[in-house]
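Summary of structural features
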Number of protein chains: 4
Amino acid sequence: MTISGRDDAAAGTRIRLGMVGGGDGAFIGAVHRLAARMDDQYQLVAGALASTRERALSSGRTLGLAPDRIYDDFRAMAVAEAARPDGIEAVAIVTPNHLHHPVARAFIEAGIHVICDKPLTASLAEAHELARLVAEKQVLFAVTYNYSGYPMVRHARQMVQAGDIGELRLVHVEYVQGWLATKLEETGQKQAAWRTDPAKAGAGGCIGDIGTHAFQLANFVSGLMPESLCADLTAFVPGRKLDDNTHVMLRFKGGAKGMLWASQVAIGNENRLRLRIYGTKGGIEWAQEDPNYLWLTMLHEPKRLITRGGDGANEAAARVTRVPPGHPEGYLEGFANIYAEVARAIRARRASTAPEPGVTFPGIEDGLAGVAFVEAAVHSSSQGGIWVRFD
Amino acid sequence: MTISGRDDAAAGTRIRLGMVGGGDGAFIGAVHRLAARMDDQYQLVAGALASTRERALSSGRTLGLAPDRIYDDFRAMAVAEAARPDGIEAVAIVTPNHLHHPVARAFIEAGIHVICDKPLTASLAEAHELARLVAEKQVLFAVTYNYSGYPMVRHARQMVQAGDIGELRLVHVEYVQGWLATKLEETGQKQAAWRTDPAKAGAGGCIGDIGTHAFQLANFVSGLMPESLCADLTAFVPGRKLDDNTHVMLRFKGGAKGMLWASQVAIGNENRLRLRIYGTKGGIEWAQEDPNYLWLTMLHEPKRLITRGGDGANEAAARVTRVPPGHPEGYLEGFANIYAEVARAIRARRASTAPEPGVTFPGIEDGLAGVAFVEAAVHSSSQGGIWVRFD
Amino acid sequence: MTISGRDDAAAGTRIRLGMVGGGDGAFIGAVHRLAARMDDQYQLVAGALASTRERALSSGRTLGLAPDRIYDDFRAMAVAEAARPDGIEAVAIVTPNHLHHPVARAFIEAGIHVICDKPLTASLAEAHELARLVAEKQVLFAVTYNYSGYPMVRHARQMVQAGDIGELRLVHVEYVQGWLATKLEETGQKQAAWRTDPAKAGAGGCIGDIGTHAFQLANFVSGLMPESLCADLTAFVPGRKLDDNTHVMLRFKGGAKGMLWASQVAIGNENRLRLRIYGTKGGIEWAQEDPNYLWLTMLHEPKRLITRGGDGANEAAARVTRVPPGHPEGYLEGFANIYAEVARAIRARRASTAPEPGVTFPGIEDGLAGVAFVEAAVHSSSQGGIWVRFD
Amino acid sequence: MTISGRDDAAAGTRIRLGMVGGGDGAFIGAVHRLAARMDDQYQLVAGALASTRERALSSGRTLGLAPDRIYDDFRAMAVAEAARPDGIEAVAIVTPNHLHHPVARAFIEAGIHVICDKPLTASLAEAHELARLVAEKQVLFAVTYNYSGYPMVRHARQMVQAGDIGELRLVHVEYVQGWLATKLEETGQKQAAWRTDPAKAGAGGCIGDIGTHAFQLANFVSGLMPESLCADLTAFVPGRKLDDNTHVMLRFKGGAKGMLWASQVAIGNENRLRLRIYGTKGGIEWAQEDPNYLWLTMLHEPKRLITRGGDGANEAAARVTRVPPGHPEGYLEGFANIYAEVARAIRARRASTAPEPGVTFPGIEDGLAGVAFVEAAVHSSSQGGIWVRFD
C-alpha cells in the first residue's frame, strides 16, 4: 500500500483553480479547498469569494490570492480569467443553491471547466439549460456528490456493474439527520437558515439538501433510474416552509423497487446515509458513518466484510484509496492535526509569543519514553519475562 | 460547525518545510506531506528525499522543489538551509528508524525545528542525546505519534486530566495486526523487510513498530508512566529475528495496572489499536478503527457514545475537529477523490488525450437527475402522494 | 438480579394447557411448548396435535399426554375438555394460518382461554367474528406477537407512553429476510410451501408472515394506528403467487408518518426486524438481532445505550427480565445446552450404551483445571508476579 | 430449522433430578432449574434447597416437591434417594463454592450423577479428591461452565480441532465486569458478599468467579493447556480481601502464548467475555455479549461472519442450536414472556381478581389490526399503490 504518486504534481503543472463563494466563515468552500489541496493537484489562484467587495477582498487575502485575481463579481471573473494566459482552468462553485445556475453559466460560456456543489440548480429548467450549454461548450462539469468518492462505494458499483449480485430487485437508501428537529433557522444559524428558505434552497428542503445525495448514491451504485415514484414530503417543525422529512417509494426501470427516506428531524441521527442493494445472487450494504467497510452476502454464503484496501477490495476501490486497511480515512486527519499543532507552536516562536493554550503534540520526551519502553520490554523478555523497573 | 479558519494562511506566511526521506515510492513521507498540506499551513521548499543523488533529484523534481534546494545529503541540507534567509523553519524526518538520530541531530544543531517519525531512535542512548540537544538548542521537536491527533483521543485525555473518571485503576491497550503472519519480508515487500531487520529497526520489531504507538497512546490519555513492567516477546514466524508479538503487564506509578498487547501475526486484524481506561468513577474506551466515537460510562449510569463534533464533545476535541458529527473524517478524502478524478480528466484535456480508464465523477447528468428527482417528488407529494412518472 | 419467583408454581397450581397443531416436526409448536415450560407456569395435558389420527397419537405420546387426552379433532377436544373437571384452562393454537379461525372459535365457544399464533386469521371478516365472540364469551385471548415480549421493547413502549420522547413524528419499521430469494417452495421445504400458498397463508405472503409483526411492533411501542397507507407489494421470484416484498408508506392518526418495509428476498438478512421512533424530544432505536440493547437519544444529548437489566432500564423492562445485564438472553440456552448434553449421557448410561457421538460437556477434569489455574495464579501473584509452572 | 425432537421426552422417561442449594431468592439455582426444564428432559423430584429446615421446606413446597423428598440435610438426601427405586438419577449442586466439595462427595459416593456449578472446589486438594472418587464410582460429573454450551463456541472448537486455522499461536481471553467497582459487599448485596469472602469463595476472588470461566473457555476452544503462567492479582477496592482484577500472561504447551484478563472493577463492562484465537492459517473471535456470531478470518481472505444456524455453521454448532438464524437465542425468552403474562392473567381470572398492574400481552384487537393491515395493504397495492384509509 502506498500513497505515493498522489502528490506527484510538480509546481508548474498543478491545475489553476478559481472559486466562487466560500468566503470567510463558509463551511463547504473550505471543504472544497482542502479537498483540492489534498493530492496537490490544484493551485487556487483566483476567486470571487463573497458578494460584497469588502468580504471578497478580505477572504481573498486570507487565502493568499494575488490582488488582481480577487473579484467581487463572478461574471467579471469569468471574463477576465478566460482572457489571461495563466487564467484558471477550472472553477469551484460553492455558493448557495440558487446561484449555482448563473455562476455555472458564466464560466461554461467562458470555456472554463466547472466543479459545482449539489444540487445542480434550484429548478429543472435551469438544469436543462446548463446541460445544453455544457454539451455545446464541451467543458468538463462535475457535481460534487461526494459520496460517490468513497472507495467502498466504488467497489460496490463495480460489483453491481459486473453482475456479481445478479439482477437487481431492491434498492433501499436512507439519509437521516436530526439537526433540524427544532426551529434552528430562527436562532441565526446560517446553515439552517438558507436550507429552509425556498428563495435560496428551491422547492425542496430536506429532499434537495440530502435527498438528492441519497438519490445520486443509489443511482451511482445501482446504475438504475426510477421509472416512477410516489412521495410524501412533510414539514414537521411548525412554521417551516420546506419539507424536513421525505418518504419516497420507487419503481425502477427494469422492475426493481426501492424506498428512499431522508430526514432532518430524526433525533439521534447525525449523518446516517446508508445504502442497501439486493439482487438475485447477493446483497450489499454500505453506511457512510462507517465508510471503510462494505458488507457483502452472496446467496447461501456467510456474510463477508470487505475493507478498504483489504483482501478482496477491487480495482475500482483501489484507485481512490490512499491509506492501508485498518487505517480509517481519518488517519490522515490525525496526522494533519499533529502538523497543525506544530504549526501553531512554530508561529508562536516566530512571533516570540507563548503558543496559544491547548496546543498539544507529542514531543521529544514522548519519543524518549517510547524508546525506553522498548528497551525495558526487550530486557524483561530476554530475562525470561521478569519484572523490571521503568524509570 | 465550520472548518473555516483552518486554511487562513496567506501564501507569504506559510511555514517553510523541508523533508528528509520520503522519496518516490515511500509511504510515510507522502502521508507527512499530505498532512502538512491539509490545513495549508506549510509549504514544502527543500528536501533530501533519497540517499542516492539520482533518486533525490527525481523525487525533488516531482514535488516541484527548486533545483538548488534538492539535496542528496541531509547534513549539507541542514547547513545550507540554516544559512539562507528563506531557509526552512522545520524539517520532517521520515527515514527508516536507524537514521532518525543522525538526521535529527544535524537539524537540531542547525537550529531548525524537527518533526520526526516514531520511534524516536533505535537506542535509548541516542534518544537521551537528542533530548539533551533539544533542550540546549531550544528548537521545537515533535514525534509523530499520530494517534494522539484524533479528536476523541483528545476528548478522553481532557476527561482523565480533569478527574472525570476518578483515580485510575486500569489501563488496557492493544495494537493488533495480522499482516506479518507469514514471512512477508522474504517476498521483497519493503515495509516488511526493514521492520524485521535489527539493523534498521533496532532491538524491537513489533514492539518498536506498533508497541510504541500503543504505549504512547496509553500514556498520552492516562497521563501515567509505568513503574515496572514484565514482558514476553515472541518471534512466531520461524526464522524471524525480531519479535512479531508482544505481551506486557504493567504497573503504573500510583497503583494503576495494565496490559499491553501488540501483535503483527493475529490474522484478521488490520490495525486494531484500542484503548480502555477505568477509574474509580467511570470508564472510557476508544478504538482507532472507529475513531470518531468514544464510549463513556460513568458509575451507575448507562453507557454514552460521545461523537466527534457531537453533543457532549469537549473543547480539546473541538480544537482538532474539521468536519461535522456524522461525517467520519474520511468525508474529506471522499471529496478529495472527486477533485482528483476531475484533475485527471482536466489533465487529459490539457494533453488532448482520452482520460485514463476508470476516471469517474458525477457529472452534469447526475446534477440534472437530482434536480429532476426533487421536482418529481415535490409534484407527487403535492398531489397527495401519487405515483408520478420519472423521465 | 434474581430470576427466583419465576418458577414458583407448585405442581398443583400450574395452568392446564392444551395445544392444537404442533405435531412431530413442527417448528412453532415446539417453540410454544418451550415458552410455556420456561417459567414453569403451565402443564401441557391435552392436544389435537395433528390432523390424522396416527400422527396425532404419535405426537401426543411423544409429549407424554394421557391417552384419553390425545385428540384427532379439535372440535371434539374443545367439547370434551370443557366438560372435564380437570379440563384445560387455555389452548395454544399453532396451526397454519387458515385454521386459526375455526379452531379459535371452537375453544372460545367452549369458554376456554386462547393463545393463538399470528396472524389472527386469513381474512378480516373472520377476525371480526372472533373479536365479537371473545367479547361475548369473556375469555382471555392472546396473539403471540412475540416481539412485544422483549424487555427493551417494553422499556421503549413505557418511555413513549410517558411522553419521554415528546410528540411522535416518525415511526420507521423494517423486517427484512432473505431466505425466500429463490423458489424454495418448490424444493419441498414445508415452511416455504405454506407461506407462499394463498390457500393456507391468505391474501398476504411476506406482509402476512412478517409484515404483520412489524406493524404490531410499531403499534405496540408507538401506540399509534395509521389513518391511511399506500402500499406496493411485489412477488419478485418468478411464479410466486404472493408478495415476497412489501413497501408501505404510513400516515398515522395525529400527524406522525412512517415507512414499513418487509422483505423475504433481501439476501444477507436473516431476521432483521428493526424499529426506529422519533418524537419532538428524542429518538429510540431497537433491533431484534441485538435485542438486549436500546439506543436512546434525547435532544442535544449524547446517545445512550440502555441495556436489559442495566442502569437506566425501567420497570416495564424489569418485569420481563430473567437474567442480569451483559448476559444476553441466550445465556439460559447455553446453560440448557449443558443440561441437555448431560441428559444424553445419562440416557446412554441408563441404556448401557455408548453416548451418541458429539456429546460434549465440561467434566470433572475441567473443574480440576480451573481450580489448579486459580492456585497457580494466586501463587505467581503472591510471589510478586513470577512465572510458575502449570501441571 | 426445527426445534422439534427437543421436547420428545414422554413423561415417564424424564430424568429424575435433585438439587442442593437454590432455595428461595437464589439466582443460580433458578437458572439451573430453568435450563433443566427447557428441553423437557428432566423432572425435579427432590431437593435440599436450603440449610435451615424452615427455608428448605418452604422452598421445596414452592417448587411442588413431594413432602418426603424435601430434605434439610444433603447427606441424608444422598442416602435416602440412593435407596429409593424412584430415587434421583442426578443432582444439581448450586451452593456457594466452599460447599461444592462435601456435597459432591456425598452424592458421588451414593452413585448419583452430579451436575456441579463452577468452580469445582475451593482448593486443589479437594478437586483432586473428587476426581479420584468420580473415577472410582464411575458416575457422570458435569461442571456447568456454561459458556461451553454456546453454538458458536462449539463451532469454533470444531474448527480448531480440525486444524482449520492452523497451528495455534495466540490465545487471548478476557472476562470484564464493573459491578464490584465499589464496595458493594458492604451494602448487604448477597452476591457480592460471598464472592469477596475468602471463607466462602476460596483463595481467588475475581479469578475464581470469572477468571475460571475465561480459562475454561480458552481451553475448551483451543484445546491448549498452559505450561506456565505469570499472574498479577490486585484488590483495587480498599479493604477488599480477594482480588477484583486479574492479569495473567500464559505460555501454552506447544509454543502458543496468551493473555487472560478478568476484572470486576472496569466500569461500563457488564459481562464482557471475549475470546480470540489466532493460528498460522486464520483467526477467530467470539464475544459472549453477541453470542450468535463468530468472526472468522482466513489468511488473505476477507472476514466472514458465521451466524448460529446460518450458512456456514458447522455440525458441532447445529447440535446445540434451537432456533433459526437471525433469531437471537433470546427469541425463546420473548415467547416465554408472552406466555408468562398470559399465565398471570389466567391466574387472576381463576382467583376472580384483577390482574396485577403491568400485565401486557397482544390481544384479539392486535390480531384484528394485523389482519386489517394486510387487507388494506393488499388493497392499496392492487390498485397500483394508492393511499387507502385504515379504520
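The notes below deal with the structure included here. What you see is a predicted model, and the numbers here were worked out from it, not measured in a lab. (Residues numbered from 1 in each chain as written. Chains lettered and ligands numbered in written order. Predicted model: local features only at pLDDT ≥ 70, side-chain atom pairs only at ≥ 80, totals over all residues. Heavy atoms only, no water.)

Let's talk about the sheet that holds strand β3 (residues 90-93) of chain C
All names here are of chain C. This is how the line gets drawn: Two strands are counted as paired when DSSP detects at least two bridges linking them. Secondary structure elements follow DSSP: runs of H or I of four or more residues count as helices, runs of E of two or more count as strands, with numbering from the N terminus. For helices, the fitted line uses only the C-alpha atoms of the stretch in contact; every axis is such a line through C-alpha atoms, and the angle between N-to-C directions lies from 0 to 180 degrees.
Strands sit in the order β2-β1-β3-β4-β5 across an open sheet of five strands; the sheet is parallel. Both edges of this open sheet fall to β2 (42-48) and β5 (141-143), since each of them pairs with a single strand only. Direction aside, neighbouring strands of the sheet carry axes that sit 20 degrees apart on average.

Re the pairing of strand β12 (residues 293-298) of chain B
Each regular strand carries side chains that alternate between the two faces of the sheet. All names here are of chain B. The cut-off we apply is this: With a 1.4 Å probe rolled over the protein chains alone, any residue whose accessible area is under 20% of its type maximum counts as buried; one over 50% counts as exposed, and the rest are partly exposed.
Most of β12 sits inside the fold, with five of its six residues counted as buried. As paired strands, strand β11 (residues 282-287) and β12 are joined by four bridges and run antiparallel to one another. From the neighbouring strand, E285 faces β12, where its bridge partner is W295. From the end of β11 to the start of β12, which pair antiparallel, there are five residues.

Concerning the interface of chain B and chain A
Note on interface size: it is often stated as the accessible area lost on association of the parts. Quick reminder of the rule: Note on definitions: a residue-residue contact is assigned when non-hydrogen atoms from the two residues lie within 4.5 Å. What gets called buried area is simply the loss in accessible area from a 1.4 Å probe that two parts show on being joined, summed for both. Between Lys or Arg on one side and Asp or Glu on the other, a salt bridge is scored when a side-chain nitrogen of the former is within 4 Å of a carboxyl oxygen of the latter. Two N or O atoms count as a polar contact when they lie within 3.5 Å, although within protein this holds only if one can serve as hydrogen donor and the other as acceptor, and sequence-adjacent residues are included solely when both atoms are side-chain atoms. Asp, Glu, Lys and Arg are counted as charged, while Ala, Val, Leu, Ile, Met, Phe, Trp, Tyr, Cys and Pro are counted as nonpolar; the rest, among them Gly, fall into the polar class.
Taken together, the 159 residues of chain B in the interface contact 160 residues of chain A. Among the residues of chain B in contact with chain A, Y339, F373 and W387 of chain B are the three that bury the most area, contributing 7% of the side total. A salt bridge links R319 of chain A to E341 of chain B; the nearest nitrogen and oxygen atoms lie 2.7 Å apart. Summed over the shared surface of chain B and chain A, the result is 59 residue pairs in polar contact (both at pLDDT 80 or more). Looking at the side of chain B that touches chain A element by element, the count peaks at 19 residues for helix α11 (residues 331-350) of chain B. Classifying every residue of the side of chain B that touches chain A by side-chain character gives 85 nonpolar, 41 polar and 33 charged. Sheet analysis places strand β7 (residues 226-234) of chain A next to strand β14 (residues 387-389) of chain B, joined by three bridges and oriented antiparallel. By the bridge assignment for β14 of chain B, L229 of chain A is matched with V388 of chain B.

Quick look at the packing of helix α1 (residues 28-38) of chain C against helix α11 (residues 330-350) of chain D
The condition is simple: Should an angle fall under 35 degrees it is taken as roughly parallel, and over 145 as roughly antiparallel, whereas 65 to 115 is taken as roughly perpendicular and any remaining angle as oblique. Here is the rule for handedness: rotate from the far helix to the near one, and if that takes an anticlockwise turn smaller than a right angle the crossing is left-handed, while a clockwise turn gives right-handed.
Where α1 of chain C contacts α11 of chain D, the two axes come as close as 8 Å, and the packing angle between them is 65 degrees. As the angle between them shows, α1 of chain C and α11 of chain D are arranged roughly perpendicular. In this structure, the crossing between α1 of chain C and α11 of chain D has a hand that is right-handed. Side by side, α1 of chain C and α11 of chain D meet where I28, V31, H32, L34, A35, A36 and M38 of chain C of the first sit next to Y331, L332, E333, F335, A336 and Y339 of chain D of the second. Across the contact of α1 of chain C with α11 of chain D, the residue classes tally to 11 nonpolar, one polar and one charged.

Comments concerning the relation of the copies chain A and chain C
Stated formally: The copies were overlaid with a least-squares fit restricted to C-alpha atoms from residues scoring a pLDDT of at least 70 in each copy.
With an RMSD of 0.0 Å, the fit of chain A onto chain C corresponds to turning through 180 degrees and sliding 0.0 Å along the axis. In short, the pair behaves as if placed about a two-fold rotation axis. Of every C-alpha in chain A, the one belonging to I386 of chain A sits nearest the axis of rotation, 3.5 Å from it. Here 100% of the interface residues in chain A have copies in chain C that are interface residues too; the copies meet face to matching face.

Comments concerning the environment of K281 of chain D
Along the chain, K281 of chain D falls in the loop between β10 (272-279) and β11 (282-287). Measuring from C-alpha to C-alpha, the distance between K281 of chain D and T297 of chain D comes to 8.8 Å, with 16 residues separating the pair along the chain. Setting aside anything within four residues of it in sequence, one finds K281 of chain D in contact with I267 of chain B together with G163, D164, I165, G166, T297, M298 and L299 of chain D.

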